[in-house]
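Results of the structural survey
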Amino acid sequence: MNTINKVYNEVFNKLRGFNSPHIETELIISKTLNLEKVQIYTYPEKIVPQEKLQLIYKNLNLRLKRKPIEYIFNEKEFFCLNFYVDENVFIPRQETEFLVEEVIKLISTYNFTTIADIGTGCGNIAISIVKNIKSNIKMYATDVSIKALDIAKKNAVLHNVEDRINFVLTDKLKYFIQNSIILDIIVSNPPYVTEEEYKNLQPEIYYEPKQALVTPTGLEFYKYFASYGKKVLAKDGYIVVEINPNLYDKICELFKKNNFCICKTMYDYQNLPRIIVVKFEK
Ligand SMILES: C[S@@+](CC[C@H](N)C(=O)[O-])C[C@H]1O[C@@H](n2cnc3c(N)ncnc32)[C@H](O)[C@@H]1O
C-alpha cells in the first residue's frame, strides 16, 4: 500500500543529491496532496490515492530534470506574500527583500510619493511596497516583457492592490523621460549576470528567462541609470538598486563619475555587497 510515509521515503531517496532533500520532499508531497506539511507526519499511514501518486511522480520527475520547485507549483513567497510565478518571470530571491525594506524606510522617512520599480517581473517589489505603505503613493511597475507585466497584474489582483499600481510596458526609464514624470525613488533589481558568468550556473537557472538575468557585461543597467537617472529623479530623490557583488567597485565608480554619491551599501546573507542606495549630488 502506498502510504504517505512510504511515498515520502521514495521521493526523499530520489532527491538525496539535492541541496535540501527534506524540504523539497515535504513540498512535493504536501503541495501535490494539498496538505499542511505537518500532516505528512501526523498521518504517515494515510493511503495516497493512485491519481495523486501519479501526480507526485510527475512533479518529482520535473524536479529531477532540475525544474525549480517554484515553477512546478507556480508559487514563491516573498516579503510574507505568495506570488504566482511561471517560466515567463524571474523567481524572486530572498536578498531582494532588503531592497523592499530600504524603499519602505525611505518613503516613510521623507514622505515620498512617486516610485518606479524598473523590471518588475512578477511584481513582487512593487506589490510588497504598496502592501506595506498606508499613504497614497503613486507606484509604477514597468517591464519590457509583456508576459511578465501580465503576471505582475495578476499578482496585484491576487493581493488586492491593482488600483494602486500603474503597470507600464517600457524599456528602462523611457516612459518617464518621454512623459516628463519626476520620481522620488527609482527601485530596480535589473538583469546583472554577465554573459561569461551565465555559462556556469546551476541547471535550475536556465529555466528562468535569460532576459531577466543577463546583460553582456552586467553593468549596462547601472550605466544607464547613472546617465539617465538625473532626468527623472526629484531633487532629493534616490536610486535603490540590487547589484552583482562581483561588480560592486565598478558600479560605484559609474555612479560617482556621474555625480551620484553612494549613501549606503547593504550586504546579503553571505556578507556580499548586494544593494546600494545612491543620491544625486549637484
Ligand atoms: C532580475 S529580474 C527582477 C524581477 C523582480 N523585480 C525581482 O526583483 O524579483 C529583471 C527584470 O527586468 C526586466 N527587464 C529586462 N530588460 C529590461 C529593460 N530593458 N527594461 C525594463 N525591464 C527589463 C526583465 O523582464 C525582468 O522581469
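About the thresholds
- Residues numbered from 1 in each chain as written.
- Predicted model: local features only at pLDDT ≥ 70, side-chain atom pairs only at ≥ 80, totals over all residues.
- Heavy atoms only, no water.
- Core = buried A, V, L, I, M, F, W, Y, C linked by side-chain atoms within 4.5 Å.
- Buried < 20%, exposed > 50% of the residue type's maximum accessible area, 1.4 Å probe, protein only.
- Helix = DSSP H or I, 4+ residues; strand = E, 2+ residues; numbered from the N terminus.
- Contact = heavy atoms within 4.5 Å.
- Domains from an automatic or database assignment.
- Phe/Tyr/Trp six-rings, centres within 6.5 Å; stacked < 30°, edge-to-face > 60°.
- Axes fitted to C-alpha atoms, helices over the stretch in contact; angles between N-to-C directions.
- Parallel < 35°, antiparallel > 145°, perpendicular 65-115°, else oblique.
- Left-handed = near helix turned anticlockwise from the far one by under 90°.
- Nonpolar A, V, L, I, M, F, W, Y, C, P; charged D, E, K, R; others polar.
- Near = heavy atom within 4 Å.
- Polar contact = N/O pair within 3.5 Å; in protein donor to acceptor, adjacent residues only side chain to side chain.
- Areas by Shrake-Rupley, 256 points an atom, 1.4 Å probe, with all protein chains shown as cover.

Let us look at the nonpolar core. Counting 39 residues, the largest nonpolar core has Ile-107, Ile-129, Ile-185 and Val-240 as its most contacted members. Listed by contribution, the elements that provide at least two residues to this core are β2 (81–83), α6 (96–110), α7 (124–131), β4 (138–143), α8 (146–158), β6 (183–188), β9 (233–242) and β11 (273–280). Ranked by residues supplied to this core, first place goes to α6 with 7 residues. Non-local contacts of Ile-185, meaning those with residues more than four positions away in its chain, are made with Val-103, Leu-106, Ile-107, Phe-112, Thr-114, Ile-115, Ala-116, Tyr-238 and Val-240. Grouped together as the second largest cluster of nonpolar side chains are 30 residues, Val-168, Leu-233, Ile-239 and Val-278 included.

This part covers the domain arrangement of the protein chain. If you check the domain split of the protein chain, you get domain 1 (4–65) and domain 2 (78–280). For domain 1 and domain 2, the distance between their C-alpha centres works out to 35 Å.

Attention now moves to the packing of aromatic side chains. Summed over the entire model, instances satisfying the criterion amount to 17 aromatic pairs. Taken together, a centroid distance of 5.3 Å and an interplanar angle of 40° make the contact between Phe-98 and Tyr-269 tilted. Taken as a pair, Phe-98 in helix α6 and Tyr-269 in the loop between β10 (260–267) and β11 lie far apart in primary sequence, 171 residues in all. Tyr-269 sits in the exposed class, given a relative accessible area of 53%.

We now examine the packing of helix α12 (residues 220–232) against helix α13 (residues 248–257). The geometry of a pair of packed helices is captured by two quantities: the angle between their axes and the separation between those axes. Contact geometry of α12 with α13 gives a least axis separation of 9 Å together with a crossing angle of 15°. Relative to α13, the element α12 is oriented roughly parallel. For the pair α12 and α13, the sense of crossing is right-handed. Listed contacts from α13 to Tyr-222, Lys-223, Phe-225 and Ala-226 of α12 are Ile-251, Leu-254 and Phe-255. In terms of residue class, the contact of α12 with α13 is built from 6 nonpolar, no polar and 1 charged.

What follows deals with the site of the ligand. Neighbouring the ligand are 19 residues; Gly-119, Asp-143, Asp-171, Lys-172 and Asn-189 lie closest to it. A distance of 2.8 Å separates a nitrogen atom of the ligand from a polar backbone atom of Gly-119. The separation between a nitrogen atom of the ligand and a polar main-chain atom of Thr-120 is 3.3 Å. Relative to its unbound accessible area of 600 Å², the ligand is 94% covered by the protein chains. Breaking the shell around the ligand down by element, the ones donating at least two residues are α7 and α11 (210–213). Grouping the amino acids of the shell around the ligand by side-chain chemistry returns 7 nonpolar, 9 polar and 3 charged.

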